[in-house]
Each structure stands twice: as structure tokens, then as C-alpha cells.
Amino acid sequence: MLASLFSKPQSSLSAQAKRLVAMRFLIYTGFQTSYFIGVIGTLTYADGASVVATSLAVLFMNVFVILGSFAGGAALDAWGPRRHFLLSIVGTLATGAAIIAFGSATGTVLAGAVLLGFVMGFAQPIATSYPAYLTDDPVELKDINSAITMFSNVSIIVGPTLGGFVAAAASSRAVFVLMMIFTVLALVAGWGFRPQASRAAARESTPADSSTTASTANQSPDSSKSTRATFATSIKTVFTNSVLALLFCIIFLSNFGYGAFDPLESFFYRDVLHVGVEWMGWLSSASGVGAVLGAVVALHLPPRFVSLKTLLVSLMSVGVGSLIYVGTPYVGVALIGQIVLGVAWGVVNPLHNTIVQTTAPLEQLGRVNSVMGFGNMFAGVAPLAIAPWLAATFGVQQTLVGAGMVVTAVPAALLLFGRRHFDRSARQ
């Protein structure tokens, strides 16, 4: 039964689309082996750093993920997917080598967090933009994006699990060797990647190819002007569309509560659950198992459930899972909580992407997604300013429970009091 569920999105994929899925899966798995264990785990377990240091690491990573995503988008627009992919590979390998060579002290681990955040953001267009370089058929795009989402969730299982074993056998910094191995495998998978859609051909043609230039101009009255559109334009697009504006606010408010988790989770594992650094990987992989199941649920949702209300119910479920996860000192209960919140996140992400893609103008979709991504990341960064103080005042577990209550309460309140806005948006 499960085999048929997983094979369905892949059955209609072209050879190039399958290659793209493999590229994304391998490089993203490499990131998943290293982000949580390699940076936060090294600071907490190996360096004995404070909550302030882990908060700074998460802050630096999130800020540089944002900066990296804008740099990656600019590189993709300027040079096309093949050169962008090669730059992503080189940047990731250089980052892994630098952290292994110099990342023994707290300051250099924080510098490593900056580098890792930037290359993670730089590589984001592999998942968010490359499919459009293969086809402009909506059905095929849906299949490609569904497969990428599915295997990205598998990465969340595979990466932290392998990272946990490597950290247990060697050290938390050794996971960066694993990241580099997966990056090399991604390069092998992507070596034969050949974008074939008309947009890719137009992007990579010579300036003298006037016929190609004319064909791309048909999509927009002034394609060069569209390409150079400012960040302010995309902000205006989001906040003048009621559905996109509501979606931005919903995700921002919910993620604001969840942002306290990153810098405090490692201390929760060490001081409350009393488990080793390897459990950071294994509990994260449990969340990935739930996310895969949630993605399967999302793929089979009837069209009438692809709505802001369903998204709010899913976000409320994330909060409930978070409360189970951090509400007791028992690792078994935390495991169950990770699976529950993973299932909910697995539904949230495809719903969010589908609503954006079906609401935003196609010619502005990339820029709209950049604004949404900025909102998501900033919502995670803002709580870092108060998380150390809250943990010192009330305790790590109490702070995490409070954050879980915020994640639960915000969508619940919006469901109770925001119905008129949702109904009005649905009619537009």
C-alpha cells in the first residue's frame, strides 16, 4: 500500500526530473546530517557553550540563509541552473572543509554556522526554481514538486539518523565529512542535468539569438524589467493580495513561537531528557518520518481542503505535537511528539506552497516566494533575542512548553475569530 503511495508521484517523471529529484535529495541530505548536530550539537556537547552562543548560531544561520537565498536566486537568473548548481556544490564542499579544519572553538563554530547558512540558502533554488527549467506544464510541475517534497522529507529521516551514528562513533564535527560525501554524490547525480524548457534555453542562449529573446518576451511586456524587479515590488504584491497577506501573517505568527526551539532543544536533550548528542539526530529523524506521512496525506487531500482553514488546523497540530515533544522528561514521549509534529509539518508545507502557487501571478511567483521565505525566517530569528533570558528565568523546558502553547494558540485564535476574513478571501 505504502509503495503505491510513494511511487505515484514518480511514475510520470521524465529522466531529467528524476535526476533533479536525486540532486536535491542528496545535497539536502548532506545539509540535514550537519545543521543540527554539527553546529548546535558541537556547541552544546563538545564546547560546553551557553544558550546565548547557540542562539547566536541559529541567528547567524537564519540571517545568512536569507542572504544566501537572494544570492542564489541572482546567480540562477544570471547564469542558469547548471552553473548555479556547480557553485552550490563548490560552496558546500568549501564550507565543510573549513569547518572541519578550523571549527574547534566556539567562535569558529559560529563562523561555520554563517558559512553553512549561506550555502544552504544559496542552494534553495534547486528545489524551488529548477522544476520550471524543465517544463511549463502545470501537471508535470505538480508531480516534480511533489516528488521533491517527498524526498526532502526522506532527507530529514536519513540525514539526522546517519549523522547521529557518526556523532556517536566519532564526534559531532565528523558529520561534516558526511555532508561532503553527500555533496559529491549530488554532483555525480547532477552531472548530466540538462534543462530543456524554453525558459532555460532562452536564459542560456547567446545575446545574438533574437528569435529566442522574442519568444521569452511574449511572456511579459518587458522581461528584463521583470527580472530586475525590486524586493519592494514583491512586498507590494504580497500585501495587496488578501490571500497572500493572510497567509504571510498566519505563517509568521505561528513560526514566531516555534523560533525559540532551535537554540534550546539541545539543552532540553542534555539537561531534561538526559540523552547524548546522537539523540539530536535520531529524534529529528522521527520528525522526518512523520513529515513523509504528512506529505502523503497532503497529496491525497481533496481540492476543497486546500485552504487557509486546513492550513490553520495543521499548524495547530504542529503546536500540539510540540507540547507532547517537550512536555515531559521522557525520551519515548518526546519521540511520539516529534512524529506528531512531523506529520503536521508534512501537511503544512505542501498546503502553503500550493496556496501561494495558485494565488500569486506566475511572472512574480519567485519573488513572492522570496517574501514568504523572508517572513518565515525572520519569525524564527526574532525570538532568539529573548530565548536565552526566558530560559534563564523560567527554565529550558518551561520556555519550550510556552513556545509550544504559542504555536497552538495562534492558529486556534485565528480559526475562532478570523472566519470572516477567510470567507472574504475565498471569494476573491
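For the structure itself, look to the data block above.
Computed from a predicted model, the values in this text were never measured in an experiment.

**Q** Before we go on, may I ask you to explain the packing of aromatic side chains in this structure?
**A** Counted according to the given criterion, the structure contains eleven aromatic pairs. On the basis of an interplanar angle of 50 degrees and a centroid distance of 6.2 Å, the ring pair of F268 and Y269 is categorised as tilted. Note on Y269: relative accessible area 0%, which makes it buried. Between F268 and Y325, the ring centres sit 6.0 Å apart and the planes meet at 80 degrees, which makes this aromatic pair edge-to-face.

**Q** Help me understand a nonpolar patch on the surface in this model?
**A** Taken together, I100, V177, I181 and L185 make up a surface patch of nonpolar side chains, about 310 Å² in accessible area. Mapping L185 onto the fold places it in helix α7 (residues 175–190). Look at L185 and you get partly exposed, because its relative accessible area is 42%.

**Q** For this particular structure, what's the right way to read the nonpolar core?
**A** Residues L20, F31, V39, L116, F268 and Y269 are the most contacted members of the largest nonpolar core, which totals 92 residues. In terms of residue count, the dominant contributor to this core is helix α2 (residues 15–46) (14 residues). Apart from residues lying up to four places away in sequence, V39 is in contact with S34, A57, M61, V109, A113, L116 and F176.

**Q** How should I be thinking about the environment of V289 in this particular structure?
**A** Its place among the elements puts V289 in helix α14 (residues 278–299). What makes V289 partly exposed here is its relative accessible area of 36%. Sequence separation between V289 and I339 is 50 residues, and the spatial gap between their C-alpha atoms is 6.6 Å.

**Q** It is not clear to me how the side chain of Q16 should be interpreted in this structure. Could you clarify?
**A** One can find Q16 in helix α2. Residue Q16 is classed as buried on the basis of its relative accessible area, which comes to 14%. A distance of 3.2 Å separates a polar side-chain atom of Q16 from the backbone oxygen of G192.

Reading the values: the criteria
Residues numbered from 1 in each chain as written. Predicted model: local features only at pLDDT ≥ 70, side-chain atom pairs only at ≥ 80, totals over all residues. Heavy atoms only, no water. Phe/Tyr/Trp six-rings, centres within 6.5 Å; stacked < 30°, edge-to-face > 60°. Buried < 20%, exposed > 50% of the residue type's maximum accessible area, 1.4 Å probe, protein only. Patch = residues over 30% accessible without salt bridge, like charges linked within 9 Å, V, L, I, M, F, W, Y side chains within 5 Å. Areas by Shrake-Rupley, 256 points an atom, 1.4 Å probe, with all protein chains shown as cover. Salt bridge = Lys/Arg side-chain N within 4 Å of Asp/Glu carboxyl O. Helix = DSSP H or I, 4+ residues; strand = E, 2+ residues; numbered from the N terminus. Core = buried A, V, L, I, M, F, W, Y, C linked by side-chain atoms within 4.5 Å. Contact = heavy atoms within 4.5 Å. Polar contact = N/O pair within 3.5 Å; in protein donor to acceptor, adjacent residues only side chain to side chain.

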